[in-house]
Amino acid sequence: QNLISCINDQQDIKAEHLASWSVVTGDALFKAVHLFQYNDGWTDVDSTRLSSKENKEYQQIYRAGLPDITKRKVELTKAFSFWPSPDVRVGDNVYDIRSYELKPGSMYDWSNYWARGIKHRSAVRKDVPYAGLFTQLGQLHTIHHIWCYQSMADRKQCRENTWTYPEWNDVVANTVPLVKTMTTRILEPLPFSPTK
């Protein structure tokens with residue numbers, strides 16, 4: 001939390017903090033997931049990388065937290081154009097991050113099917129889709145779909161309601177063969193997360 005506050009306070013660090021979650025189930029407990037946005041893309045990534053190395057306050061807080069961290073993973077992703085942009089949500093929401101490792105060469109087909117699939121999920125309720133991302137750096141051929149629900153019961157109902165659209169079956173039937181591995185994690189916003 002202190003490091004994120006420091007990032008938010010530094011003008012030369014261009015990472016916009018969108019969300020912070022803790023894992024509830026589906027992965028190691030006591031694990032946090034943070035989502036940042038670089039509004040000017042790679043220019044902001046480069047600026048932030050250099051500024052964070054030179055910023056003494058950032059380095060002090062970063063180093064002080066290292067003994068508490070057992071594993072750190074960083075991915076740089078890009079948003080799918082047909083997904084909504086992450087926005088600030090309010091309430092006591094739960095988030096479902098579904099990560100897919102695709103077979104190399106299948107991203108084009110995946111995108112075409114999900115450009116239709118997202119419409120069916122949005123038709124159930126417009127606020128369910130939160131973000132759709134694919135890796136640029138990190139484990140390549142990885143997709144992250146982030147869904148926002150009011151509760152676990154709401155998650156179940158929204159997912160079941162999506163199946164009332166006949167085209168949804170086509171999306172699932174044609175994208176499952178493209179997947180090598182899939183994981184799902186249920187997350188809750190941390191107290192300092194801009195999105196709830």
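Our subject is the structure that appears above.
Residues numbered from 1 in each chain as written. Predicted model: local features only at pLDDT ≥ 70, side-chain atom pairs only at ≥ 80, totals over all residues. Heavy atoms only, no water.

**Things to note about the overall build of the chain**
Then comes step 1: Each helix and strand in the chain was counted, giving six helices and seven strands.
Then comes step 2: Helices and strands appear in the chain in the N-to-C order α-β-β-α-α-β-β-α-β-β-α-α-β.
Then comes step 3: Over its C-alpha atoms the chain spans a radius of gyration of 18 Å, differing by no more than 12% from the 16 Å that the globule rule assigns to 196 residues.
Then comes step 4: Across its three principal directions, the C-alpha atoms of the chain cover 55 × 35 × 30 Å.
Then comes step 5: Sequence-distant contacts in the chain: of pairs separated by 6 or more residues, those separated by 24 or more amount to 77%.
Then comes step 6: As presented, the chain carries roughly 11,400 Å² of accessible surface, and 53% of it is formed by carbon and sulfur atoms. (Helix = DSSP H or I, 4+ residues; strand = E, 2+ residues; numbered from the N terminus. Rg over C-alpha atoms; globule rule 2.2 N^0.38 Å. Contact = heavy atoms within 4.5 Å. Areas by Shrake-Rupley, 256 points an atom, 1.4 Å probe, with all protein chains shown as cover.)

**A word on the packing of helix α1 (residues 2–9) against helix α3 (residues 56–65)**
Then comes step 1: Where α1 meets α3, the closest approach of the two axes is 9 Å, and the angle between their N-to-C directions is 165°. The angle between α1 and α3 falls in the class roughly antiparallel. Of the two possible hands of crossing, α1 and α3 adopt the one that is left-handed. Facing α1, whose interface residues are Asn 2, Leu 3, Cys 6 and Ile 7, α3 presents Glu 57, Tyr 58, Ile 61 and Tyr 62. (Axes fitted to C-alpha atoms, helices over the stretch in contact; angles between N-to-C directions. Parallel < 35°, antiparallel > 145°, perpendicular 65-115°, else oblique. Left-handed = near helix turned anticlockwise from the far one by under 90°.)

**A short note on the packing of aromatic side chains**
Then comes step 1: With the rule as written, the count across this model stands at twelve aromatic pairs.
Then comes step 2: Look at Tyr 95 and Tyr 130: their rings are 5.4 Å apart centre to centre, the planes differ by 80°, and that puts the pair in the edge-to-face class. Here the residue Tyr 95 occupies a position in strand β4 (residues 94–102), and Tyr 130 occupies one in strand β5 (residues 129–137), the gap between them amounting to 35 residues. Of the two residues examined, Tyr 95 and Tyr 130, each falls in the buried class.
Then comes step 3: Relative to Trp 168, the ring of Trp 114 lies with its centre 5.5 Å away and its plane at 80°, an arrangement referred to as edge-to-face. Of this pair, Trp 114 sits in helix α4 (residues 107–124) while Trp 168 sits in helix α6 (residues 166–175), and the two are 54 residues apart along the sequence. Take Trp 114 and Trp 168: they sit in the same class, and that class is buried.
Then comes step 4: Among the aromatic residues, those joined into a ring-pair cluster are Trp 83, Tyr 100, Trp 110, Trp 114, Trp 147, Trp 163 and Trp 168. (Phe/Tyr/Trp six-rings, centres within 6.5 Å; stacked < 30°, edge-to-face > 60°. Buried < 20%, exposed > 50% of the residue type's maximum accessible area, 1.4 Å probe, protein only.)

**What to know about the sheet that holds strand β1 (residues 16–25)**
Then comes step 1: Taken together, the seven strands give an open sheet; going across it, the order is β2-β1-β7-β4-β6-β5-β3, and neighbouring strands pair in antiparallel fashion. Two strands in the sheet have a free side with no partner beyond their single neighbour: β2 (32–37) and β3 (76–79). Mean inter-strand twist for the sheet, computed between neighbouring axes without regard to direction, equals 35°.
Then comes step 2: Taken together, the five bridges between β5 and strand β6 (residues 142–149) define a ladder with antiparallel strand orientation. Residue pairing in the sheet places Ala 131 in a bridge with Ile 146 of β6. (Pairing = 2+ DSSP bridges.)

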